[in-house]
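Letter by letter, the chains look like this.
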Amino acid sequence: MSSQTLAGQERQRSRQACVPCRQRKRKCDGSLPCNTCSGYGYDCEYQDVAQQRSSKRRATSEGSLPQTKSVRLSTEPGDNPAVPSQQGILEPSKQRYVGRQSSVAFPLFVGLDVQAADPPRLHSFAYNAGIRREPECAVNFQVVNHVSWDTVKSLIEVYISTIHPVFKFLDGDRLYNQGDDHWHGKPQGSSFEAVISGVIGLASLFKGTLGQEIEMRIVRHAKDILEDYYVARSPSIEQVAAWILRTIYVRTTSRPHIAWLCSCTMMHLVEATGIQHEPGSIVLPGTGTSGSSSQQGYVKRIGQVAECLHVLIAYDYGRSVMDLSLHTQEPVCFSTPENDFTPQLCQLVQAMPVSNMTRDSVVGSQLLVLALEKVASIHVDHDFLMLVRTDLVFCLYRRLRLVNFRFQHEQLDQVIGSGMAALEAAHRLLDHGQPWWNVLGTVFQFVCVLLVIDTPVSLTKLPESTKVLEVIADRLNTHLANEALTTARKLIRASMDKKRKGLMCLERALGGGSELATDNSAYPSVLADAPFDPFSQPLQGPLIDLDFLLDMDLMH
């Protein structure tokens, strides 16, 4: 065949499809009437592209998606140029989100394509052979039988006053009303039971009301609900909220690996419920309501808080980050901003280069430097967020050290300045009896950072930081606190030993022997039974590699 014939047989794609072809996802030749409408007897008409976008904006601002008699599945250029190929399906009854390319959604699309009168529902048809029945719910514990409503009310107040301001993702009034119904004969379901158990556990952790045994039993109860097969097969927004509460509790009381696993499960559930997607990129089978704007704000806030928590844990532990692009969205701000510091938390985390955290190129180093400067300059109004800001600065500092970045004095001043602000914040949180996870860890890491920076400016801050660490260890009097203080003292002594050996080498080079050649002794002798002084304590033990210990995980 000639090239002219081939060219004439090439498929000519129309620039715009008619309305019936859009609704039925059929090919349209762009004529009026088109061949498809002529063949099926449809009323062929075209809608202006600008008109379509305007109607979509109006529908979104009114709190609902544009609805037609059939599901909108069009991916023509005029629909949504930002995310047309990323559309997925959200089943309102189960709050279950699936990608439109999935095997679960395909039968529904086939039914719509063949114009079935009753298209298949969104269901996992033939997902397995079905040779075993699915287990029933195995959770028997009921929190209402072990904690009185009066106690729960007081614990909700503790939660609202301490944890809620920095992780504000629950509606306090709704939480109280649901709890009142749940304790007075109107059960609110297993997912709410997991949420209220998480609130009780965290409030008890900060207040010590229930005692450790009852508190841990209620926390395990929430875990049993969230990991139960029957409950987990129908994801919900309440389950995401319950996983956030559990992740905060685990981060405050357990090991980094367990906290990271919990945060990953939490993020997978965010993806499963479709919180990370904008309304315009979601298809709703049938008709459904999107809820009030206030409720939509809390749903979006849940996703943002979950990602902030996940990024904090992953960055600190050096693990991978699940990037659902929630950090690119503007933080949700409610109409009553008082005692709501969550937007500041989102601002801190959004400054972190999530997608480039493992890069070691020059470009990656520049991104880390810019992030360090930005995070250090963000103003926060809560002591816990001051510690979070310092933690993120230290995370960026450690990563830059790994690529042998040559720090400028201004950058080191930002690192030290963040650490000094954290000392005061940790002291205040301890005075208020709020045992956030970084009250101890941030101060300990600051001691390590000062030793590694090893400049006259950093070393002058070492006595004060060590003193605060001693106070915290004395007040907490826990194994981890005492272990951190002991390790910090060993690192300081090792640094002194290293400097003394260098000084001895310089003295031998001058021919002065092992004794000091001048009367201005840099290290006067001290008695063995004298109180600990980081600059005068006698040296014991072998030399420690500071760079190695700085990257150690002391929780293992």
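If you look the chain up in an unreviewed UniProt entry, it shows as Putative C6 transcription factor from Aspergillus sclerotioniger CBS 115572.

Participant: Can you tell me about unusual backbone geometry, naming the residues and giving the values?
Facilitator: Note: most peptide bonds trans; most residues except glycine with negative phi. Non-glycine residue A126 carries a positive phi angle of around 55°. With a relative accessible area of 76%, A126 lands in the exposed category. Phi at N404 takes a positive value of approximately 55°, unusual for a residue other than glycine. Mapping N404 onto the fold places it in the loop between helix 16 (383-402) and helix 17 (409-431).

Participant: Lay out empty space enclosed by the protein in plain terms, naming residues and giving numbers.
Facilitator: A full pass over the atoms with the stated rule returns five cavities of 30 Å³ or more. Approximately 90 Å³ is the volume attributed to the largest cavity. Broken down by secondary-structure element, the contributors of at least two residues to the lining of the largest cavity are helix 13 (293-317) and helix 16. Looking at the lining of the largest cavity element by element, the count peaks at four residues for helix 16. Looking at side-chain class alone, the lining of the largest cavity contains six nonpolar, one polar and three charged residues. Structurally, the lining of the largest cavity is a two-domain feature, drawing no fewer than three residues from each of domain 1 (146-284 + 292-356) and domain 2 (357-509). The space that makes up the second largest cavity amounts to roughly 60 Å³.

Participant: Summarise the packing of helix 8 (residues 190-207) against helix 9 (residues 212-227); cite the residues concerned and give the values.
Facilitator: Contact geometry for helix 8 and helix 9: axes closest at 8 Å, N-to-C directions at 150°. If you check the angle between helix 8 and helix 9, you find them roughly antiparallel. Judged by the twist between their axes, the crossing of helix 8 over helix 9 is left-handed. Contacts from S190, E193, A194, S197, G198, I200, G201, S204 and L205 of helix 8 reach helix 9 at E215, I218, V219, H221, A222, I225 and L226. Class assignment of the residues belonging to the contact of helix 8 with helix 9 gives a composition of eight nonpolar, six polar and two charged.

Participant: Give me the lowdown on the packing of helix 6 (residues 149-162) against helix 7 (residues 172-182), citing residues and values where you can.
Facilitator: At a minimum axis separation of 11 Å, helix 6 and helix 7 run at an interaxial angle of 170°. As summarised for this structure, helix 6 and helix 7 are arranged roughly antiparallel, according to the angle between their axes. Listed contacts from helix 7 to W149, K153, I156 and I160 of helix 6 are G172, L175, Y176, G179 and D180.

Participant: Which residues make up the environment of D171, and what values do they have?
Facilitator: Inspection of the secondary structure assignment puts D171 in the loop between helix 6 and helix 7. By relative accessible area, D171 is classed as partly exposed at 25%. Spatially, the C-alpha atoms of D171 and I160 are 9.9 Å apart, while their sequence positions differ by 11 residues.

Participant: Kindly report on the nonpolar core, identifying the contributing residues and their values.
Facilitator: Residues F167, F169, I244 and W436 are the most contacted members of the largest nonpolar core, which totals 128 residues. Counting residues in each nonpolar core, the second largest holds eight residues, with A17, C18, C28 and C37 among its members.

Participant: Can you tell me about the confidence of the model for the chain, naming the residues and giving the values?
Facilitator: Looking at the chain as a whole, its pLDDT mean stands at 80, while 74% of the residues score no less than 70. The low-confidence segment residues 287-291 (pLDDT under 50) makes five contacts with residues lying over four places distant or belonging to another chain. In this model residues 356-360 is a low-confidence stretch, pLDDT under 50, and it forms eight contacts with partners more than four residues away in sequence or in other chains.

Participant: Could you give an account of helix 17, naming the residues involved and the relevant values?
Facilitator: For helix 17, with 23 residues, the first-to-last C-alpha span of 34 Å sits near the 33 Å given by 1.5 Å per residue. Positive backbone phi, approximately 70°, marks G433, located one or two places after helix 17.

Participant: I'd like to hear about the side chain of R301, residue by residue, with values.
Facilitator: Checked against the element boundaries, R301 lands in helix 13. A polar atom in the side chain of R301 sits 3.1 Å from the side chain of D340. Filtering out sequence-adjacent residues up to four positions away, R301 remains in contact with K168, F169, V332, C333, F334, D340, T342 and P343.

Conventions and cut-offs
- Residues numbered from 1 in each chain as written.
- Predicted model: local features only at pLDDT ≥ 70, side-chain atom pairs only at ≥ 80, totals over all residues.
- Heavy atoms only, no water.
- Buried < 20%, exposed > 50% of the residue type's maximum accessible area, 1.4 Å probe, protein only.
- Helix = DSSP H or I, 4+ residues; strand = E, 2+ residues; numbered from the N terminus.
- 1 Å grid on protein atoms, 1.4 Å probe; cavity = no way out; pocket = protein on both sides within 12 Å on 5 of 7 lines; lining within 4 Å.
- Points joined across faces, edges and corners; volume = space filled by probe spheres on them.
- Nonpolar A, V, L, I, M, F, W, Y, C, P; charged D, E, K, R; others polar.
- Domains from an automatic or database assignment.
- Axes fitted to C-alpha atoms, helices over the stretch in contact; angles between N-to-C directions.
- Parallel < 35°, antiparallel > 145°, perpendicular 65-115°, else oblique.
- Left-handed = near helix turned anticlockwise from the far one by under 90°.
- Contact = heavy atoms within 4.5 Å.
- Core = buried A, V, L, I, M, F, W, Y, C linked by side-chain atoms within 4.5 Å.
- pLDDT = per-residue confidence, 0-100.
- Expected span 1.5 Å × (residues − 1).
- Polar contact = N/O pair within 3.5 Å; in protein donor to acceptor, adjacent residues only side chain to side chain.

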